[in-house]
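# Structure assessment
This is what each chain is made of:
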Amino acid sequence: MEALKASAVLPYLRSCKKESEKAIDGELQGEIPKWLKGSLIRIGSGLLEVGPDRYNHVFDGLALMHKFCFEDGRVTYRNRFLRSDSYKKNMKANRIVVTEIHATPGIP
C-alpha cells in the first residue's frame, strides 16, 4: 500500500494556495437552527509554502482568516490571507525571507 502524505492525515499541514473571492455555500449534513445568525471568525496558519520554500513548523505559516456566516439555516464560507508585513515581504520575493519565531529562518 502506498504511504500517505502527512497532509492527507493531518489537515493542519495542508497549505491553502488560493483565497475564496466569493462566499461559498456550505454542504450541510443535518440542520442549522433558523435562529442562528452571525459570523464565526477563525485564524490560523494557512500558507505553508512560498515559492520554492516550505515553513519548518506549522505555527510559522502565514496566517489565513476563515469566516463562516450563518443565516436562515444556511452557512457560507470565505477565507483571506492576513496581509501582514511577513506576508507582503515573502510574496514580493516569492520565497521565505522573513525569519519566523519557531523554526523557519528567512533566506536573505
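The coordinates are above.
Criteria and cut-off values
- Residue positions are counted from 1 within each chain, in the order its sequence is given.
- In keeping with the predicted nature of the model, local features appear solely for residues at pLDDT of at least 70, side-chain atom pairs appear and are counted solely at 80 or more, and the whole-chain, interface and lining totals rest on all residues.
- Calculated side-chain values reflect all of the structure's heavy atoms, with hydrogen atoms and water omitted.
- The salt bridge definition used is simple: a Lys or Arg side-chain nitrogen within 4 Å of an Asp or Glu carboxyl oxygen.
- A run of DSSP states H or I qualifies as a helix once it reaches four residues; a run of E qualifies as a strand once it reaches two. Both are numbered from the N-terminal end.
- Remark: exposure states derive from per-residue accessible area (1.4 Å probe, protein chains only) relative to the maximum for the residue type, with buried under 20%, exposed over 50%, and partly exposed in between.
- A pocket here means an open set of points on a 1 Å grid, computed over the protein atoms alone, that has protein on both sides within 12 Å along at least five of seven lines. A cavity is instead a set of points where a 1.4 Å probe fits but cannot get out; residues with an atom within 4 Å of a point line either one.
- Grid points are joined across faces, edges and corners, and a volume is the space filled by probe spheres set on the points.
- Three residue categories are used. Nonpolar comprises Ala, Val, Leu, Ile, Met, Phe, Trp, Tyr, Cys and Pro, charged comprises Asp, Glu, Lys and Arg, and polar comprises the others, including Gly.
- Following DSSP output, two strands are said to pair if at least two bridges run between them.
- Interaxial angles span 0 to 180 degrees and are taken between N-to-C directions of axes, which are lines fitted to C-alpha atoms, for helices over the stretch in contact.
- Note on definitions: a residue-residue contact is assigned when non-hydrogen atoms from the two residues lie within 4.5 Å.

## Looking at the pattern of salt bridges
Pairs may arise between side chains of opposite charge once their charged atoms sit close together. Inspection of the entire model under this criterion finds 5 salt bridges. Note that arginine 74 is salt-bridged to aspartate 25, the shortest N-O span being 2.5 Å. Placement of arginine 74 in strand β6 (residues 74-81) and of aspartate 25 in strand β1 (residues 20-25) is noted, with a sequence separation of 49 residues between them. A residue is classified by how much of its surface remains accessible, and arginine 74, at 46% relative accessible area, is partly exposed. Aspartate 25 sits in the exposed class, given a relative accessible area of 51%.

## A look at the layout of surface pockets
Estimated volume of the second largest pocket: approximately 180 Å³. As for the second largest pocket, its lining consists of Glu19, Ser20, Glu21, Ile41, Met65, His66, Lys67, Arg78, Asn79 and Arg80. Contributions of two or more residues to the lining of the second largest pocket are made by β1, β5 (62-71) and β6. Residues of the lining of the second largest pocket, tallied by class, amount to 2 nonpolar, 3 polar and 5 charged.

## Description of the sheet that holds β1
Ordered by their spatial adjacency, 4 strands build an open sheet running β1-β6-β5-β2, and the pairing between neighbours is antiparallel. Taken across any chain shown, the strands that pair with only one partner, and hence form the sheet edges, are β1 and β2 (38-47). In this sheet, neighbouring strand axes are inclined to one another by 20° on average, regardless of whether the strands run parallel or antiparallel. Relative to β5, β2 runs antiparallel, the two sharing 9 bridges. Looking across to β5, one finds that leucine 40 is bridged to phenylalanine 68. The strands that helix α2 (residues 85-93) touches are β2, β5 and β6; relative to β5, the one it contacts most, it runs at about 115°.

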